[in-house]
Amino acid sequence: MKNPTDPQHVAIIMDGNGRWARQRGMPRSFGHRAGVESLRRVVRHSANLGISYLTVYAFSTENWKRPRREVSFLIGLLREYFRTTIGELHAMRVRVLVIGDMAPFPADVRELAEKARTQTRLNDGLRLQIALNYGGRADILQAARTLAAQARTGELDPAGIDEACFAGCLHTAGLPDPEVVIRTSGETRLSNFLLWQTAYAELVVAAECWPDFDEASLERVLAEYRQRERRFGSVRRES
Ligand code: IPE
Ligand code: IPE
Ligand code: MG
């Protein structure tokens, strides 16, 4: 059952796959594979809880710096995820799309992502955004470029650029800002995730590595969120 004070939009920095694997004496790839299972579980539970939007950080603009073998493995896993999970997402009426610049990914992976988007675009359940080759700064830059091009042609008056107009050019156009950002594995950074959109998000750090983050972890985070007092720069309302 949905609690009226629950967030509409939850964003997750899925971190700690490598450490989870290392703790088990296994290669990092083992952790990434377990991370995909965790994602399946959390998407399913988010849909069951009635969360409207879920955005997950799966690959950052900086993750290309990792060893080539790890990047290739992650791309392979992504391909497998789209191939094997899209049916399940569709059956749950999840609408899925990628945010980020897919250009550097292999053509077949780009096609799978596009197929997932078109196949699920009319679904009325959870909206799942998978952030791939996503960076908050890159997102802001591409929005600035779009607006500058419109200003140059005279289509747009620069004085008319307000927050709504700017937000409408970001990859998350049309989505409400996330009320809560969860980062797993105890790290306390945003690592270039949704920089504009998280201006007033509540940050919740979960100690467990991403593969261990389960239904109970999500519910614990939501319970913590309900305890937060969100003031948005104002002062506490006297009762
Ligand atoms: C998150 O886990 C997955 C990606 C960033 C792709 P990590 O791979 O960052 O795992 P740690 O942080 O090294 O443990
Ligand atoms: C952030 O995690 C990116 C994703 C979870 C996709 P990283 O593991 O890449 O971030 P840093 O390097 O610890 O900041
Ligand atoms: Mg990490």
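In case you missed it, the structure is sitting above this.
Since the structure is predicted, the reported quantities are computational estimates derived from the model, not experimental observations.

Cut-offs applied
- Residues numbered from 1 in each chain as written.
- Chains lettered and ligands numbered in written order.
- Predicted model: local features only at pLDDT ≥ 70, side-chain atom pairs only at ≥ 80, totals over all residues.
- Heavy atoms only, no water.
- Axes fitted to C-alpha atoms, helices over the stretch in contact; angles between N-to-C directions.
- Helix = DSSP H or I, 4+ residues; strand = E, 2+ residues; numbered from the N terminus.
- Parallel < 35°, antiparallel > 145°, perpendicular 65-115°, else oblique.
- Left-handed = near helix turned anticlockwise from the far one by under 90°.
- Contact = heavy atoms within 4.5 Å.
- Nonpolar A, V, L, I, M, F, W, Y, C, P; charged D, E, K, R; others polar.
- Phe/Tyr/Trp six-rings, centres within 6.5 Å; stacked < 30°, edge-to-face > 60°.
- Buried < 20%, exposed > 50% of the residue type's maximum accessible area, 1.4 Å probe, protein only.
- Near = heavy atom within 4 Å.
- Polar contact = N/O pair within 3.5 Å; in protein donor to acceptor, adjacent residues only side chain to side chain.
- Areas by Shrake-Rupley, 256 points an atom, 1.4 Å probe, with all protein chains shown as cover.
- Salt bridge = Lys/Arg side-chain N within 4 Å of Asp/Glu carboxyl O.

Caption draft 1: A look at the packing of helix α3 (residues 68-91) against helix α4 (residues 107-120). Relative to each other, α3 and α4 sit at 15°, their axes nearing to 10 Å. Here α4 runs roughly parallel to α3, going by the angle between their axes. α4 is crossed by α3, and the crossing has left-handed handedness. Counting all contacts with α3, which are made through Ile75, Leu78, Arg79, Phe82, Arg83, Ile86 and His90, the residues of α4 involved are Asp108, Val109, Leu112, Ala113, Ala116, Gln119 and Thr120. Residues that form the contact of α3 with α4 fall into these classes: eight nonpolar, three polar and three charged.

Caption draft 2: Local environment of the packing of aromatic side chains. Evaluation of the coordinates by the stated rule reveals eleven aromatic pairs. Measuring from ring centre to ring centre gives 6.1 Å for Phe59 and Phe105, while their planes differ by 70°; the resulting arrangement is edge-to-face. Of this pair, Phe59 sits in strand β2 (residues 53-60) while Phe105 sits in the loop between β3 (95-99) and α4, and the two are 46 residues apart along the sequence. The class of Phe59 is buried, set by a relative accessible area of 4%. With a relative accessible area of 2%, Phe105 lands in the buried category.

Caption draft 3: Examining the site of ligand 1 more closely. Near ligand 1 the following residues occur: Met14, Asp15, Gly16, Asn17, Gly18, Arg19, Arg28, His32, Ala58, Asn63, Arg66 and Leu74. Residue Asp15 places a side-chain N or O atom 2.8 Å away from an oxygen atom belonging to ligand 1. The separation between an oxygen atom of ligand 1 and a polar side-chain atom of Arg28 is 2.8 Å. Taking 380 Å² as the accessible area of ligand 1 by itself, protein coverage stands at 87%. Per element, the largest residue contribution to the shell around ligand 1 is three residues, and it comes from helix α1 (residues 17-23). Tallied by class, the residues present in the shell around ligand 1 amount to three nonpolar, five polar and four charged.

Caption draft 4: Just the side chain of His32, in detail. Its location among the elements puts His32 in helix α2 (residues 28-49). Sequence-distant contacts of His32, that is, excluding residues within four places in its chain, are made with Asn17, Arg66, Glu70, Phe73, Leu74 and Leu77.

Caption draft 5: Structural context of the pattern of salt bridges. Under the definition given, this model contains 21 salt bridges. Ionic pairing is found between Arg19 and Glu187, a salt bridge with its closest N-O pair at 3.1 Å. You can see Arg19 sitting in helix α1 and its partner Glu187 sitting in the loop between β5 (180-183) and β6 (202-205), a full 168 residues away along the chain. A relative accessible area of 25% places Arg19 in the partly exposed class. Taking relative accessible area as the criterion, Glu187 reaches 21% and is therefore assigned partly exposed. Where Arg117 meets Glu114, a salt bridge forms, and the shortest distance between an N and an O atom there is 2.8 Å. Taken together, the positions of Arg117 and Glu114, both in helix α4 and three residues apart, correspond to about one turn of that helix.

Caption draft 6: Focus on the side chain of Asp15. Its location among the elements puts Asp15 in the loop between β1 (9-13) and α1. A polar side-chain atom of Asp15 sits 2.8 Å from a polar atom in the side chain of Arg183. A polar atom in the side chain of Asp15 sits 3.3 Å from the side chain of Ser185. When residues no more than four places from it in sequence are discounted, the contact partners of Asp15 are Arg183, Thr184, Ser185, Glu187, Cys209 and Trp210.

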